[in-house]
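# Residue-level structure breakdown
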Amino acid sequence: MPILHRMTLALLLAAGGVDAALAQSGYYQQPAYRDQRAYPPGYYPGKLVQPAQPQPQQGFSIRRFFGAQEPPPPARAPVSRPRRSAPPPAAVAKQEKPKVNPSTHVVVFGDALASYARQGLDAHFSDDEDVAVVSKVRSDTNLVRSDPADWPNFIKTTLDGGQKTSIAVVMLGTNDRQSIREGEESVEALSDRWKELYRQRIDAITGVLKERKVPFVWIGLPPMKNSKISDDLVAMNEIYKESVRRNGGVYVDIWPGFVDEDNRYTDIGPDVDGDPAKLRTNEGVFFTRAGARKVAFFADTEIKRVLGLGGSATATAPDPAQNAPADGAATPTIEAAVPPPPDAAAPVALPQKPLVGPVLPLTRQDVAPGGTLVSAPPKLTGDHAYPVQRAMRAGIAPSSRPGRVDDFRWPNP
């Protein structure tokens, strides 16, 4: 190839790339199989041909252009790749073992808030093999929009279906601040007629537990972040308290555990150990884990009192045949079966302080030893000058006289 032709080809390679240069020089040959009717050797329709692997492009080299042999590339040492270790096995969630043959069964009925009470009771009795907490919670239900017989029938089915029940724990009313349908009319929430209808529905629940002679405690509703809701819940708690006590149950008031010293809602307060903790969730309705434990603490006090339990639960469910009243006798209540509390210790006697001591005027004039009034001004010398100078110059009040109103010694002579 002439030298001029080679230089021209070199310029074309620098300007337009290898393919364009080869095309201009006539060295680029179209493959025979560009025509769809011509195929490369070994190809037939339907055969999968492995596509050509892209070759690494090499830069322009003057040595290769003029026909000189390129030195072979240096051999690369094999790179050793570390082996991937097997992934650690997934952590298996710890499953609590069911308690074997517990003697006391605490069955929790209620709505969304009752689920937190159940969680707190679970944690409270987790180390006690004699107490099992059974959840009969239905979080999406209420008493005003459903059939009035829904909850009473559910409790009957549970008790009659073989569920062992030493004591029932009830917490309802979270979603009940709604109107009640009475025929074709809608009764406004918290009106007088609404309270009457609502009390009938609470009586239906407490009446079932009384009829089945199942001891029960009813946990009242806590204050809420919204003050208007809290005001309505105060009225609803009064309905629970009156119905529960009238039907032989025990009402548990948890309101004081979730308010501050001004009886206002607070989400932070002492937990069961007395340490400050967050007790309520951010929306101001539900409980944190510490709050659920506190609810369980209030309920556990009454549970042990009703069942007569001490440090550990060993009581069993009451036998209806043994608790059946005699002919003409009134049905015994839970309060009658609970032993009275021990007598309080006698207070320690303290010395009595007199109501009124001797009255001495602070502005009376000094009296001389003979009983005559001192007409001349006192001499500020010797012992008389020291207390006056302390009072007027240093601001130190003189000591009080025995029996004067500024004599704060105790007991006052």
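Everything numeric here is computed off the predicted structure, so don't read it as measured data.

Spatial ordering of the open sheet is given by β2-β1-β3-β6-β7, a layout of five strands whose pairing is parallel. Strands with a single pairing partner mark the edges of an open sheet, and in this sheet they are β2 (131-137) and β7 (250-252). Each strand axis lies, on average, 20 degrees off the axis of its neighbour in the sheet, ignoring direction. Pairing analysis gives five bridges linking strand β1 (residues 104-110) to strand β3 (residues 167-171), with the strands arranged parallel.

The subject of this paragraph is the pattern of salt bridges. Between side chains of opposite charge, pairing is possible as soon as their charged atoms come close. Considering all chains together, one arrives at 17 salt bridges under this definition. Note that glutamate 242 and arginine 246 form a salt bridge whose closest N and O atoms lie 2.7 Å from each other. Taken together, the positions of glutamate 242 and arginine 246, both in helix α7 (residues 227-246) and four residues apart, correspond to about one turn of that helix. Classification of arginine 246 by relative accessible area gives partly exposed; the value is 42%. The closest approach of N and O atoms between lysine 278 and aspartate 267, which form a salt bridge, is 3.2 Å. Here lysine 278, found in strand β9 (residues 276-278), pairs with aspartate 267, found in the loop between β7 and β8 (268-270); they are 11 residues apart in sequence, far enough to count as distant. On the basis of relative accessibility, which here comes to 35%, the residue lysine 278 falls in the partly exposed class. Taken together, the shared-partner salt bridges connect Arg199, Asp203, Glu242 and Arg246 into one network.

Most peptide bonds take the trans form, and the phi angle of most residues other than glycine is negative. Although it is not a glycine, asparagine 101 adopts a positive phi angle of roughly 50 degrees. Even without glycine at this site, lysine 213 takes up a positive phi of about 55 degrees. Topologically, lysine 213 is positioned in the loop between α6 (192-211) and β6 (216-219).

In this model, α6 (20 residues) spans 28 Å end to end at C-alpha, consistent with the 28 Å of a helix rising 1.5 Å per residue. Buried within α6 we find Trp194, Leu197, Tyr198, Arg201, Ile202, Ile205, Thr206, Val208 and Leu209. Turning to α6, the residues buried within the fold contact α5 (150-160), β3, β4 (180-182), β5 (185-187), β6 and α7. A positive phi of about 55 degrees marks lysine 213, the residue just after α6.

Assignment of secondary structure puts arginine 201 in helix α6. No salt bridge is formed by the buried arginine 201. Its closest oppositely charged neighbour is aspartate 147, at 6.9 Å. A distance of 2.4 Å separates a polar atom in the side chain of arginine 201 from the backbone oxygen of leucine 143. Setting aside anything within four residues of it in sequence, one finds arginine 201 in contact with Leu143, Val144, Ser146, Pro148, Ile180 and Arg181.

A few words on the side chain of serine 115. Along the chain, serine 115 falls in helix α4 (residues 112-124). Only 2.4 Å separates the side chain of serine 115 from the backbone oxygen of alanine 112, close enough to count as a polar contact.

This next bit is on the confidence of the model for the chain. Put simply, the chain has an average pLDDT of 75, and 56% of its residues get 70 or more. Overall, residues 87-94 carries pLDDT values under 50, and its contacts beyond four positions in sequence, including any with other chains, amount to zero contacts.

What follows covers the nonpolar core. Membership of the largest hydrophobic core comes to 60 residues, with the highest contact counts inside it found for Leu121, Tyr198, Trp218, Ile219 and Ile303. Looking at which element gives the most residues to this core, the answer is α6, with seven residues. The contact partners of leucine 121, leaving out residues within four places of it in the chain, are Val106, Val108, Val133, Val169, Ala296 and Ile303.

On to the packing of α5 against α6. It is the contact of α5 with α6, at a shortest axis distance of 8 Å, that shows an interaxial angle of 20 degrees. With respect to α6, the axis of α5 lies roughly parallel. You can see that α5 and α6 cross each other, and the crossing is right-handed. Across the interface between the two elements, Trp151, Pro152, Ile155, Lys156 and Leu159 from α5 touch Ala204, Ile205, Val208 and Leu209 from α6. Here the residues of the contact of α5 with α6 sort into eight nonpolar, no polar and one charged.

Quick notes on the rules
- Residues numbered from 1 in each chain as written.
- Predicted model: local features only at pLDDT ≥ 70, side-chain atom pairs only at ≥ 80, totals over all residues.
- Heavy atoms only, no water.
- Pairing = 2+ DSSP bridges.
- Helix = DSSP H or I, 4+ residues; strand = E, 2+ residues; numbered from the N terminus.
- Axes fitted to C-alpha atoms, helices over the stretch in contact; angles between N-to-C directions.
- Salt bridge = Lys/Arg side-chain N within 4 Å of Asp/Glu carboxyl O.
- Buried < 20%, exposed > 50% of the residue type's maximum accessible area, 1.4 Å probe, protein only.
- Expected span 1.5 Å × (residues − 1).
- Contact = heavy atoms within 4.5 Å.
- Lys, Arg positive; Asp, Glu negative; His and termini not counted.
- Polar contact = N/O pair within 3.5 Å; in protein donor to acceptor, adjacent residues only side chain to side chain.
- pLDDT = per-residue confidence, 0-100.
- Core = buried A, V, L, I, M, F, W, Y, C linked by side-chain atoms within 4.5 Å.
- Parallel < 35°, antiparallel > 145°, perpendicular 65-115°, else oblique.
- Left-handed = near helix turned anticlockwise from the far one by under 90°.
- Nonpolar A, V, L, I, M, F, W, Y, C, P; charged D, E, K, R; others polar.

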